[in-house]
2 protein chains.
Amino acid sequence: MKDCIIIGGGPAGVSAAINLKLNNKDFIWICGKSPSKKVSSAEHIKNYPGLPDVTGKQLAWALDNHASLMDIQKNEDIATAIYDLGGTYAVTAGENTYESKTIILCLGVTASKPIDGEERLLGKGVSYCATCDGFLYKGKTIAVMLTDKAFEAEAEFLCSLAKKVYLFPIYKDCKITAENAEIIVKVPQKIEGEKRVERIICGNESIDAEGIFILRSSVSPSVLLKGLAAEDGHITVDRQMRTNLKGVFAAGDCTGRPYQYAKSVGEGNVAAHSVIDYLAELKNN
Amino acid sequence: MKDCIIIGGGPAGVSAAINLKLNNKDFIWICGKSPSKKVSSAEHIKNYPGLPDVTGKQLAWALDNHASLMDIQKNEDIATAIYDLGGTYAVTAGENTYESKTIILCLGVTASKPIDGEERLLGKGVSYCATCDGFLYKGKTIAVMLTDKAFEAEAEFLCSLAKKVYLFPIYKDCKITAENAEIIVKVPQKIEGEKRVERIICGNESIDAEGIFILRSSVSPSVLLKGLAAEDGHITVDRQMRTNLKGVFAAGDCTGRPYQYAKSVGEGNVAAHSVIDYLAELKNN
């Protein structure tokens with residue numbers, strides 16, 4: 001049982017990890033691919049106090065380097081589900097499940113909303129993890145939506161299992177060449193099916209598929225953890241970064257505007273200190 | 001009429017100033033002596049993301065340098081009073097008074113509470129500003145409390161005006177040698193007087209004085225601005241760093257724990273963005 005699991009590798013996640021490490025907490029940092037791609041892609045950052053006029057790459061490196069210098073271990077998987085075990089939590093990432101007393105959600109903001117039908121059919125043909133659920137679709141017809149090149153290996157793995165794969169890459173220059181793969185330059189708009197996934201709708205096209213893998217770098221908060229309070233797409237938190245769920249905290253862009261690096265590191269810091277206080281209380285009770 | 005006045009030169013103030021400057025706002029940054037002495041005096045800071053393992057001096061320099069590189073003007077006076085003019089505000093600092101549509105309070109936390117009697121007798125013999133009120137005590141007997149060497153010039157100025165000055169330096173090695181000055185190595189505990197200051201109580205000693213100058217680097221929020229809501233000594237704010245007073249925002253240690261540099265720069269950033277939103281609304285109404 002871990003003290004904490006931090007989910008997210010952006011500035012809020014780095015800041016939370018640094019503070020938990022300094023306080024000798026036993027935690028897992030599920031950070032996805034690092035350094036943060038979103039930070040790296042910023043052209044110029046002029047308002048991160050103390051680092052005047054850095055490029056996104058420089059800031060991303062500085063944050064990543066800070067964590068590395070402190071020997072903070074990174075788990076580069078993507079968290080796909082969190083289960084409330086009644087006071088503690090189980091987090092699924094890649095092929096593993098970890099238990100923890102607390103969670104800090106640093107999920108950023110996903111530009112894209114969930115696809116119509118995605119939440120309803122999650123676990124009924126909708127999956128976020130090729131390595132976890134791929135074997136269920138051996139010899140079947142599936143769809144795979146990828147938001148980034150980083151997921152091509154996972155998509156290729158799916159091509160090696162399924163009979164036919166409809167690929168929806170939401171970026172340019174998809175390099176997948178599997179013979180049973182068909183690239184469709186459209187965005188899936190709706191996932192349909194009575195009890196399980198039956199077809200994908202994009203524009204006026206309907207594509208039959210028994211499953212769809214949605215490979216994106218973060219899962220929307222409400223899908224990730226049922227019962228988590230949100231408003232206008234942002235996780236609801238108080239000034240101590242507490243969510244409505246006991247032991248679950250959030251920090252960074254996922255808690256609301258302004259979307260700013262300084263705000264994110266500040267909230268990551270506060271969330272970590274709230275976790276430290278919370279663990280101390282648990283111990284005393 | 002300024003767009004904003006930022007009060008405080010610590011990390012929250014720097015962060016707010018950087019963001020207002022980037023947004024071309026017309027503001028005054030009343031920052032006291034810079035770089036921040038409180039930051040400078042920290043031995044090691046390991047949790048300011050992106051600057052691993054810096055000394056307090058290095059962080060203070062980095063923040064100060066960031067503001068300098070952006071040509072942000074500093075006003076090194078100390079703000080001694082804010083008046084609510086009904087929708088706008090007047091701020092007294094040094095010998096000047098400035099008007100502004102908004103205020104960002106980045107006051108830090110004062111280790112010391114107000115002296116007993118200080119708030120009641122403010123403006124009735126209690127003063128925070130030698131250059132503003134000194135002339136009122138020409139040829140009289142006064143007390144001067146100094147929290148830092150930085151105020152010695154101000155205290156010497158008072159010695160040049162008053163007949164007799166009782167000095168209460170709250171630090172070691174006070175260098176003031178004026179013939180009419182008497183150094184008392186005690187802390188003033190009470191300021192007494194019916195309608196005006198009459199005497200200062202320290203321990204079992206009572207010292208007659210017609211006025212007392214309290215020279216400290218920040219004034220407590222409730223004294224600075226009447227009507228400002230506070231709880232446990234911290235200014236009450238919401239997630240947008242709004243206080244209970246329209247157009248008044250706060251950031252950094254003065255809003256509560258944890259007292260952390262990352263939290264302060266985050267809140268300074270958010271407060272500046274809230275000011276920008278508030279000014280846009282004013283313009284549209």
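The notes below deal with the structure included here. None of these values were measured; they are calculated from a predicted model.

The rules behind the values
- Residues numbered from 1 in each chain as written.
- Chains lettered and ligands numbered in written order.
- Predicted model: local features only at pLDDT ≥ 70, side-chain atom pairs only at ≥ 80, totals over all residues.
- Heavy atoms only, no water.
- Least-squares fit on C-alpha atoms with pLDDT ≥ 70 in both.
- Contact = heavy atoms within 4.5 Å.
- Axes fitted to C-alpha atoms, helices over the stretch in contact; angles between N-to-C directions.
- Helix = DSSP H or I, 4+ residues; strand = E, 2+ residues; numbered from the N terminus.
- Left-handed = near helix turned anticlockwise from the far one by under 90°.
- Nonpolar A, V, L, I, M, F, W, Y, C, P; charged D, E, K, R; others polar.
- Parallel < 35°, antiparallel > 145°, perpendicular 65-115°, else oblique.
- Pairing = 2+ DSSP bridges.
- 1 Å grid on protein atoms, 1.4 Å probe; cavity = no way out; pocket = protein on both sides within 12 Å on 5 of 7 lines; lining within 4 Å.
- Points joined across faces, edges and corners; volume = space filled by probe spheres on them.
- Buried area = accessible area lost by both parts, 1.4 Å probe.
- Salt bridge = Lys/Arg side-chain N within 4 Å of Asp/Glu carboxyl O.

1. Digging into the relation of the copies chain A and chain B
The relation between the two chain copies is a rotation about an axis coupled with a shift along that axis.
For step 1, the next point in the chain: With an RMSD of 0.1 Å, the fit of chain A onto chain B corresponds to turning through 179 degrees and sliding 0.1 Å along the axis. Within this description, the copies of the chain are treated as partners about a two-fold rotation axis. Minimal C-alpha separation from the rotation axis in chain A is found for G266 of chain A, amounting to 2.3 Å.
For step 2, the next point in the chain: With an isologous cut-off of 70% or more, the 100% of interface residues of chain A that recur at the interface of chain B puts this contact in the isologous class.

2. Topic: the packing of helix α1 (residues 11-22) of chain B against helix α7 (residues 261-284) of chain B
Residues and elements named next belong to chain B.
For step 1, the next point in the chain: The N-to-C vectors of α1 and α7 enclose an angle of 35 degrees; their axes lie 7 Å apart at closest approach. Here α1 and α7 pass one another in a crossing that is right-handed. Contacts between α1 and α7 pair P11, A12, S15, A16, N19 and L20 from the former with Y261, S264, V265, G268, N269, A272, H273, V275 and I276 from the latter.
For step 2, the next point in the chain: When grouped by side-chain class, the residues that make up the contact of α1 with α7 number 9 nonpolar, 6 polar and no charged.

3. Overview of the packing of helix α7 (residues 261-284) of chain A against α7 of chain B
For step 1, the next point in the chain: At their nearest, the axes of α7 of chain A and α7 of chain B sit 7 Å apart, and the two run at 135 degrees to each other. By the angle class used here, α7 of chain A and α7 of chain B are oblique. The two elements α7 of chain A and α7 of chain B cross, and the hand of that crossing is left-handed. Residues A262, K263, V265, G266, N269 and V270 of chain A of α7 of chain A form the contact with α7 of chain B, whose participating residues are A262, K263, V265, G266, N269 and V270 of chain B.
For step 2, the next point in the chain: Tallied by class, the residues present in the contact of α7 of chain A with α7 of chain B amount to 6 nonpolar, 4 polar and 2 charged.

4. Considerations on the environment of E156 of chain B
For step 1, the next point in the chain: Here E156 of chain B is to be found in helix α5 (residues 152-161).
For step 2, the next point in the chain: Sequence separation of E156 of chain B and T177 of chain B is 21 residues, and the distance between their C-alpha atoms is 8.5 Å.

5. Considerations on the sheet that holds strand β7 (residues 141-146) of chain B
Residue and element names in this part refer to chain B.
For step 1, the next point in the chain: Pairing within the open sheet is parallel, and its 5 strands lie in the order β6-β13-β7-β8-β9. At either end of the open sheet lies a strand with only one pairing partner, and these are β6 (126-127) and β9 (181-183).
For step 2, the next point in the chain: Where strand β8 (residues 164-169) meets β9, 3 bridges bridge the pair, whose relative direction is parallel. By the bridge assignment for β9, V165 is matched with A181.
For step 3, the next point in the chain: Of the strands in this sheet, β7, β8, β9 and β13 (211-215) touch α5, which is tilted by about 175 degrees from β7.

6. A few points about empty space enclosed by the protein
For step 1, the next point in the chain: Scanning the model with the defined rule gives 3 cavities of 30 Å³ or more in all.
For step 2, the next point in the chain: If you add up the space inside the largest cavity, you get close to 180 Å³.
For step 3, the next point in the chain: In this structure, the largest cavity is lined by 14 residues; those nearest its centre are R239 and E267 of chain A together with R239, M241 and E267 of chain B.
For step 4, the next point in the chain: Those elements that provide at least two residues to the lining of the largest cavity are α7 of chain A together with α7 of chain B.

7. Some words on the interface of chain A and chain B
Accessible area lost on assembly of the parts is the figure often given for the size of an interface.
For step 1, the next point in the chain: Contact residues are listed per partner, giving 34 residues for chain A and 34 residues for chain B.
For step 2, the next point in the chain: Interface area, chain A with chain B, both sides summed: about 2,600 Å², of which 63% is carbon and sulfur.
For step 3, the next point in the chain: Seen at the junction of chain A and chain B, the total is 2 salt bridges.
For step 4, the next point in the chain: A salt bridge links E267 of chain B to R239 of chain A, with the shortest nitrogen-to-oxygen separation between them at 3.1 Å.
For step 5, the next point in the chain: Counting residues per element, the ones that place at least two in the side of chain A that touches chain B are α1 (11-22), α3 (56-69) and α7 of chain A.
For step 6, the next point in the chain: Sorting elements by how many residues they give to the side of chain A that touches chain B places α7 of chain A first, with 8 residues.

8. Section: the sheet that holds strand β7 (residues 141-146) of chain A
Residues and elements named next belong to chain A.
For step 1, the next point in the chain: Spatially, the 5 strands line up as an open sheet ordered β6-β13-β7-β8-β9, and their pairing is parallel. In the strand order of this sheet, the two ends are held by β6 (126-127) and β9 (181-183), each with one partner.
For step 2, the next point in the chain: In the sheet, β7 pairs with strand β8 (residues 164-169) via 6 bridges, with the strands oriented parallel. Considered in β8, the bridge of T141 is made with K164.
For step 3, the next point in the chain: In this fold helix α5 (residues 152-161) packs onto β7, β8, β9 and β13 (211-215), with an angle of close to 175 degrees to the strand it touches most, β7.

As far as function goes, none of this settles anything; it's purely spatial.
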